[in-house]
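# Architecture at a glance
Letter by letter, the chains look like this.
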Amino acid sequence: MADEEIMIKADNLVKIYKTEDIEVMALQGLDLTVQKGELLAIIGNSGSGKSTFLNMIGGLDRPTAGRLHVAGHDLFKMTEKELVVYKRDAVGFVWQNNARNLLPYLTALENIMMPMELKKEGERKERALQLLDTVGLSHRTDSRLSQLSGGEQQRIAIAIALANRPSLLLADEPTGSVDRKTADYIFDIFRNLNKEMGQTILIVTHDVTLSKKVKRVVAIRDGKISSERILKERYADVSHTAIDWSTEETQEEYSIVDKVGRVQIPHDLLEKLALDSNKVKVTMDEGKILIEKPGK
Ligand SMILES: Nc1ncnc2c1ncn2[C@@H]1O[C@H](COP(=O)(O)OP(=O)(O)OP(=O)(O)O)[C@@H](O)[C@H]1O
Ligand SMILES: [Mg+2]
């Protein structure tokens, strides 16, 4: 893959949080490459390191070791000053709880104009009106944020994140606190942005139905990418609205081999093997690698 096609490249990325008495290794040598123009979902159990990874990419916190390049920037080499510009222009962030970047006493329009303080008034307004249309809220232009529903506020948060035309849009559980219908609507906004504008988007989600509609889903386990699911070719055009995404076998699942040859075996398969020690027998058979319970 040529460098100019790559949006994110994480190599052996490590993040250690140190508090007074304990150290938590939230990322344990994570490898991931994301191409420009991808819409990627990240799934994983609570505490697996999803938000930590997103925060590293978004420049909200510094990684501890490894390598991390985003949109041509080396996140380890950036000065504090460069980080401020990076966070304003290169990445947009949407959280589950959007209170962080919304001002309740300003109107929808004014909220979206806020992050564009460096641009001319006319330009800011024009862009904000365009974004209100993108998120389907043109009819709410002059409403105060406090008068909007949670789902509408979340859509305003998406417009704010897009205001400065970031190369990369990051969303941490953006549909975590809205109902099914609103979640689908918000997901459609992301999908259209990706399809029509080629916007690169990373979404952390617990929503299995939504994650299945994305071409590529990576799972994080204990601070590493453990597996990856790719949507099968015939489902890749996600406009198939008639599919029941919660049950359909639409995806192929892969385990990830890291640089030193380690693979995480899916829990359900490992359970079926019913090991009574931590040893397995690994052999090659007709081009396949077999993992077996050791013989007696
Ligand atoms: N600021 C912090 N200080 C200390 N430990 C932290 C900090 N942030 C996260 N952690 C720890 O790092 C690990 C990964 O946390 P993270 O928030 O990335 O998980 P997550 O996958 O986003 O979980 P969830 O699905 O619950 O949001 C957890 O063990 C967490 O307790
Ligand atoms: Mg999280």
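A few points on the structure. (Residues numbered from 1 in each chain as written. Chains lettered and ligands numbered in written order. Predicted model: local features only at pLDDT ≥ 70, side-chain atom pairs only at ≥ 80, totals over all residues.)

Counting its secondary structure elements, the protein chain contains eight helices and 13 strands. In terms of overall size, the protein chain behaves like a compact globule, its C-alpha atoms giving a radius of gyration of 21 Å where 296 residues would be expected to give roughly 19 Å. The C-alpha extent of the protein chain, read off along each of the three principal axes, is 75 × 50 × 40 Å. The burial tally for the protein chain puts 33% of its 296 residues in the buried class. For the protein chain, long-range pairs separated by at least 24 residues make up 67% of all intrachain contacts whose partners lie at least 6 apart in sequence. (Helix = DSSP H or I, 4+ residues; strand = E, 2+ residues; numbered from the N terminus. Rg over C-alpha atoms; globule rule 2.2 N^0.38 Å. Buried ≥ 20, exposed ≤ 12 C-beta atoms within 10 Å, placed from the backbone. Contact = placed C-beta atoms within 7 Å.)

Moving on: the nonpolar core. Formed by 64 residues in total, the largest nonpolar core has its most connected members in Ile112, Leu132, Ile156, Ala159 and Leu170. Per-element tally for this core: the top contributor is helix H5 (residues 150-162), with seven residues. Ignoring sequence-local partners within four residues, the contact set of Ile156 consists of Leu102, Ala108, Asn111, Ile112, Leu137, Leu145 and Leu148. (Core = buried A, V, L, I, M, F, W, Y, C linked by C-beta atoms within 7 Å.)

Taken together, Tyr17, Thr19, Val24, Ala26, Gly44, Ser46, Gly47, Ser48, Gly49, Lys50, Ser51 and Thr52 make up the full set of residues adjacent to ligand 1. Every element with two or more residues in the shell around ligand 1 is listed here: strand S2 (23-35) and helix H1 (50-57). The element contributing the most residues to the shell around ligand 1 is H1, with three residues. Looking at the shell around ligand 1 residue by residue, the classes come out as three nonpolar, eight polar and one charged. (Near = placed C-beta within 6 Å. Nonpolar A, V, L, I, M, F, W, Y, C, P; charged D, E, K, R; others polar.)

In an α-helix, one full turn covers 3.6 residues, which means residues spaced three or four apart are oriented alike. Among the eight residues in H1, seven count as buried, and that is most of the element. Taken together, the buried positions of H1 are Lys50, Ser51, Thr52, Phe53, Leu54, Met56 and Ile57. At the exit of H1 stands Gly59, carrying a positive phi of roughly 70 degrees.

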